[in-house]
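# Descriptive structure summary
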Amino acid sequence: MSIAVFASGSGSNFEALVERSRKQHWPQPISLLLCDKPQAKALERAERLRVPAVAFHPKEYKDKAAYEQDVLHCLQEHNIEWIMLAGYMRLVGPTLLEAYPWRILNIHPSLLPAFQGKDAVRQALEYGVRWTGVTVHWVDEGMDTGPILDQKPVLVEPHDTMETLQRKVQFVEHNLYPAVMYKLLTGRILPPDPSSMELKEEQQ
Ligand code: GAR
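Along each chain, residues carry numbers from 1 onward, in the same order as the chain's sequence is written. Local features are withheld for residues below a pLDDT of 70 in this predicted model, meaning they are given only at 70 or higher, and side-chain atom pairs are given and counted only at 80 or more; totals for whole chains, interfaces and linings count all residues. Only heavy atoms go into the side-chain values, all of them from the structure, while hydrogens and water stay out.

Bringing the packing of aromatic side chains into the picture now. Note on aromatic pairs: the rings of Phe, Tyr and Trp (six-membered ring only in Trp) are paired at centre separations within 6.5 Å, and the planes decide the class, stacked below 30 degrees, edge-to-face beyond 60, tilted for the rest. Under the defined criterion, the tally for this structure stands at five aromatic pairs. Each ring, one from Phe-56 and one from Tyr-67, has its centre 5.9 Å from the other, and the planes form 80°; the classification is edge-to-face. Taken together, the residues span a long stretch of sequence, with Phe-56 in the loop between β3 (53–55) and α3 (64–77) and Tyr-67 in helix α3 at a distance of 11 residues. Ring geometry for Trp-102 against Trp-138: centres 5.5 Å apart, planes inclined by 85°, an arrangement best described as edge-to-face. Placement of Trp-102 in the loop between α4 (94–99) and β5 (104–108) and of Trp-138 in strand β6 (residues 131–138) is noted, with a sequence separation of 36 residues between them. Helix and strand assignments come from DSSP, with helices taken as H or I runs of at least 4 residues and strands as E runs of at least 2, each series counted from the N terminus.

Shown next as structure tokens:
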């Protein structure tokens, strides 16, 4: 059994996860990068790191269920037990949630429930908060709404720009996400019983 990382963009979290998993000899390897954007820079990182990668074109499917059915086949072919979303800018639908109850994690660049959705670092800077941070949480059908696994704060300093704050947030992300996953894989955090994940109304 192994882990898949889903990404849509740069893939810096993907790279940090792969490096940590190798250094720490995780009991399950990261054996797949799945992108929903064929141009994603994450794909170049996968090539350099020698992690198998696949790119999907969600727009070519008639709906989310059809897209996710294909994704699911791919995950099953690669013997995937865990899914880690790392900058995957798409809501996960019932097909994957039902196939992977309490097995899908996400990282978000804010202290949830503050600043959900896109551009969370910019939202925090524009709001003027003193502290923002990083959250790792279980994925449910909402946007950045699942139960929280762990969080780490990041201080917003008066001289911070988007660039400096982004750098600080990503530094924390690159440490927190692998740390949480390692705890799950080694039984230091126990996932809830799979039957306890109840899906709300189906959404496409
Ligand atoms: C990360 O900061 C991640 O937390 C964020 O996208 C970035 C991806 O960076 N995710 C979200 O905003 C999800 N709502 P990366 O591609 O360099 O890992």
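Here we take up the pattern of salt bridges. Every case where a carboxyl oxygen of Asp or Glu lies within 4 Å of a side-chain nitrogen of Lys or Arg is listed as a salt bridge. Under the criterion given, the structure shown has seven salt bridges. Residues Asp-160 and Lys-168 are paired through a salt bridge, measuring 2.6 Å at the closest nitrogen-oxygen approach. Residues Arg-167 and Glu-163 are paired through a salt bridge, measuring 3.4 Å at the closest nitrogen-oxygen approach. With Arg-167 and Glu-163 both in helix α6 (residues 162–185) and four residues apart, the pair spans about one turn of that helix. Buried, partly exposed and exposed residues are distinguished by accessible area as a fraction of the type maximum, computed with a 1.4 Å probe on protein chains only: under 20%, between the cut-offs, and over 50%, respectively. Its relative accessible area of 57% is what places Glu-163 among the exposed residues. Through salt bridges that share partners, Glu-15, Arg-45 and Arg-48 make up one connected network.

What UniProt calls "active site" (unreviewed entry) maps, in this numbering, to His-108. Residue position: His-108 is located in strand β5. In this structure His-108 comes out as buried when scored by relative accessible area, which is 2%. UniProt positions are given in the numbering used here, feature names are shortened, and annotations may be inferred rather than shown by experiment.

On to the site of the ligand, then. Only a single heavy atom is needed: when it lies within 4 Å of a molecule or strand, its residue is near that molecule or strand. Taken together, the neighbourhood of the ligand is formed by 13 residues, with Gly-11, Ser-12, Asn-13, His-108 and Glu-173 sitting nearest. Pairs of N or O atoms within 3.5 Å make up the polar contacts considered here, provided that, within protein, one atom can donate a hydrogen while the other can accept it, and that residues adjacent in sequence are counted only when both atoms are side-chain atoms. Between Ser-10 and the ligand, the recorded distance is 3.2 Å, taken from a side-chain N or O atom to an oxygen atom. Only the protein chains shown count as cover for residues, and all accessible areas are computed by the Shrake-Rupley method using a 1.4 Å probe. The protein chains hide 90% of the 450 Å² of surface that the ligand would expose on its own. Put simply, the parts of the chain that give the shell around the ligand at least two residues each are α1 (12–23), β5 and α6. For this classification, Asp, Glu, Lys and Arg are treated as charged, while Ala, Val, Leu, Ile, Met, Phe, Trp, Tyr, Cys and Pro are nonpolar and the rest, including Gly, are polar. Counted by class, the shell around the ligand contains three nonpolar, eight polar and two charged residues.

We now examine the environment of Arg-22. Residue placement: Arg-22 occurs in helix α1. On the basis of relative accessible area, Arg-22 is assigned to the partly exposed category, the value being 43%. Counting along the chain gives 48 residues from Arg-22 to Asp-70, while the straight-line C-alpha distance between them is 29 Å. Only 2.9 Å separates the side chain of Arg-22 from the backbone oxygen of Leu-49, close enough to count as a polar contact.

Within β6, seven of the eight residues are buried, which leaves the element mostly enclosed by the surrounding structure. Where β5 lies against β6, four bridges are found, and the strand directions are antiparallel. Considered in β6, the bridge of Ile-107 is made with Val-136. In terms of strand pairing, β6 meets strand β7 (residues 148–155) through seven bridges, oriented antiparallel. Of the residues in β7, the one forming a bridge with Thr-132 is Val-154. Paired strands, in this sense, are two strands between which DSSP finds at least two bridges.

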